[in-house]
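Take a look at the letters that make up each chain.
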Amino acid sequence: MPVFSKNITITFTIMKGKKMLKKLLVLLITGTLFSAGAETFSIKTEKIYPPNILPNPEFKKAADGSVPGWVFKDFSGRGGISGEVENGIATVTNTIKTYGYFTCFNVPVEEGVTYYAGGSMQSTTKALIWLETLQYNDKFPPYYPPYSNTRIFALQSEPSTDPVLQKELHLFIDRNFIVDSRSWISGGKEFTVPKGHGVKTYNFMIGCYGGKPGHVSYKNPFLIKSAHQIKITITGKNFTQAVIYRRPRIELSKHKLDPELETQHFSGTLPSRTAGYFVELTDINGKKYERAL
């Protein structure tokens with residue numbers, strides 16, 4: 001039975017109890033290894049993520065009060081909306097039903113690469129984190145599948161305290177559509193830059209779109225490559241193989257282990273930030289053990 005600890009270490013007890021221990025001792029003395037599975041073992045993981053490619057995601061101000069990398073724009077051109085930055089938080093306030101955004105223009109990307117975009121928001125009116133390239137339009141919608149890879153709604157909100165409305169919205173709208181964002185919420189969406197269409201940059205925008213008068217606040221926006229590295233350390237002897245899988249069961253990498261070593265290290269690449277993963281270990285008896293990553 002696995003025992004979980006707070007430091008993401010998992011320990012398994014495979015053989016315990018007086019009867020099992022006696023059998024193990026006899027087998028070890030005679031040199032037979034067929035039943036000599038690992039008594040206990042532990043797994044530790046470390047994930048290494050690519051850098052955020054957005055300029056100044058901390059919203060640091062320059063000496064003149066500007067925010068390098070970001071420009072606030074009233075896209076409606078009707079007034080009634082403003083943007084301010086204080087203490088690392090960008091806030092958009094609207095007094096009429098209009099829309100405006102803080103924008104990072106022309107963020108460079110690579111064709112064919114999958115990215116993960118999003119951030120954290122708190123709002124009392126309609127809020128949206130979205131990206132768009134002006135170099136190509138794949139003509140898919142950003143609201144429902146198959147989702148667009150040229151116009152991405154990474155995280156959006158329509159604040160409501162009506163539980164019936166919240167339930168109905170969640171049934172029909174993208175899971176990244178938040179209907180109760182009075183507290184800080186975080187999220188994001190993956191997309192893949194189309195190949196062969198000359199897509200080199202995206203604009204990254206955070207702000208509000210229509211809705212009742214209110215405000216939207218943002219912090220920690222990000223645009224990063226989805227693929228990332230994982231380092232795995234196994235402590236415990238008698239393992240011959242480790243396989244990293246993407247759920248439900250897509251093999252990503254296979255690693256040969258030395259059953260005589262107490263501690264072993266290996267690493268792999270996880271291609272997505274939103275998928276689930278697990279590692280499967282095989283001991284000298286052919287028994288397998290799974291652990292979520």
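The structure reproduced in this document is the subject of the present report.

Thresholds, definitions, all that
Counting restarts for each chain: residues are numbered from 1 in the order of the written sequence. The predicted nature of this model means local features are confined to residues of pLDDT at least 70 and side-chain atom pairs, given and counted, to a pLDDT of 80 or more, with totals for whole chains, interfaces and linings taken over all residues. Only hydrogens and water are set aside; all other atoms, that is, all heavy atoms of the structure, feed into the side-chain values. Remark: nonpolar core denotes a set of buried residues (Ala, Val, Leu, Ile, Met, Phe, Trp, Tyr, Cys) joined through side-chain atoms within 4.5 Å. Relative accessibility under 20% of the residue-type maximum defines a buried residue, over 50% an exposed one, and the middle range a partly exposed one, all with a 1.4 Å probe and only protein chains included. In this description a helix means any DSSP run of H or I spanning at least four residues, a strand means any run of E spanning at least two, and both kinds are numbered starting from the N terminus. Only centres within 6.5 Å qualify two rings of Phe, Tyr or Trp (six-membered ring in Trp) as a pair; their planes then separate them into stacked at under 30 degrees, edge-to-face at over 60, and tilted for everything else. Ring-over charges, as used throughout, are those where CZ of Arg or NZ of Lys falls within 6 Å of the ring centre and within 35 degrees of the ring normal. Two strands qualify as a pair provided DSSP detects at least 2 bridges between them. Fitted lines through C-alpha atoms serve as axes, helices being fitted only where they are in contact, and the angles separating the N-to-C directions of these axes extend from 0 to 180 degrees. By salt bridge we mean one thing: a side-chain nitrogen of Lys or Arg within 4 Å of a carboxyl oxygen of Asp or Glu.

Points about the nonpolar core
By size, the foremost hydrophobic cluster in this structure holds 33 residues, and its most contacted members are Trp70, Leu131, Phe191, Phe204, Ile206 and Leu223. The leading source of residues in this core is strand β13 (residues 201–209), at four residues. The next biggest cluster of nonpolar side chains, apart from the first, holds 16 residues, and it includes Ile43, Leu270, Leu281 and Tyr289.

A short note on the packing of aromatic side chains
Applying the stated criterion to the full structure yields 14 aromatic pairs. Their ring planes at 55° and their centres at 5.1 Å tell us that phenylalanine 59 and tryptophan 70 sit as a pair that is tilted. In this pair, phenylalanine 59 is assigned in the loop between β3 (40–48) and β4 (71–73) and tryptophan 70 in the loop between β3 and β4, connecting sequence segments 11 residues apart. For the residue pair phenylalanine 59 and tryptophan 70, the accessibility class agrees, reading buried in each case. Each ring, one from phenylalanine 75 and one from tyrosine 101, has its centre 5.6 Å from the other, and the planes form 70°; the classification is edge-to-face. Here phenylalanine 75 is found in the loop between β4 and β5 (81–86), whereas its partner tyrosine 101 is found in strand β7 (residues 99–108), with 26 residues between them in sequence. In this structure phenylalanine 75 comes out as partly exposed when scored by relative accessible area, which is 30%. Its relative accessible area of 5% is what places tyrosine 101 among the buried residues. One aromatic cluster in this structure is built from Phe75, Tyr101, Trp130, Tyr143 and Phe153. It is lysine 73 that lies over the ring of phenylalanine 75; its NZ or CZ is 5.1 Å from the centre.

Some remarks on unusual backbone geometry
In this chain, proline 145 is followed by proline 146 through a cis amide linkage whose omega measures -5°. Looking at where proline 146 falls in the secondary structure, it is placed in the loop between β9 (127–132) and β10 (151–157). Cis geometry is adopted by the peptide bond preceding proline 248, which originates at arginine 247 and carries an omega value of 10°. Positive phi is not limited to glycine here, since asparagine 106 has a value of about 55°. Relative to the helices and strands, asparagine 106 resides in strand β7. What makes asparagine 106 exposed here is its relative accessible area of 52%.

Some remarks on the sheet that holds strand β16 (residues 239–246)
Read from one edge of the open sheet, four strands run β17-β16-β19-β20, paired in antiparallel fashion. With partners counted over all chains shown, the strands left at the sheet margins are β17 (250–256) and β20 (288–292), one partner each. In this sheet, neighbouring strand axes are inclined to one another by 20° on average, regardless of whether the strands run parallel or antiparallel. Alignment of β16 against β17, held across six bridges, turns out to be antiparallel.

A short note on the sheet that holds strand β6 (residues 89–94)
Ordered by their spatial adjacency, five strands build an open sheet running β5-β6-β14-β8-β12, and the pairing between neighbours is antiparallel. What marks the edges here is a single partner per strand, and that holds for β5 and β12 (185–192). Sheet twist, expressed as the average angle between the axes of neighbouring strands with direction ignored, equals 25°. As paired strands, strand β8 (residues 114–123) and β12 are joined by eight bridges and run antiparallel to one another. Bridging from a neighbouring strand, alanine 117 pairs with lysine 189 of β12.

Quick word on the pattern of salt bridges
Counted by the stated rule, this structure contains four salt bridges. Between lysine 61 and glutamate 86 there is a salt bridge, with the nearest N and O atoms lying 3.1 Å from each other. In this pair, lysine 61 is assigned in the loop between β3 and β4 and glutamate 86 in strand β5, connecting sequence segments 25 residues apart. For lysine 61, a relative accessible area of 44% puts it in the partly exposed group. Glutamate 290 is paired through a salt bridge with arginine 249; the nearest N and O atoms lie 3.7 Å apart. Of this pair, glutamate 290 sits in strand β20 while arginine 249 sits in the loop between β16 and β17, and the two are 41 residues apart along the sequence. Its relative accessible area of 44% is what places arginine 249 among the partly exposed residues.

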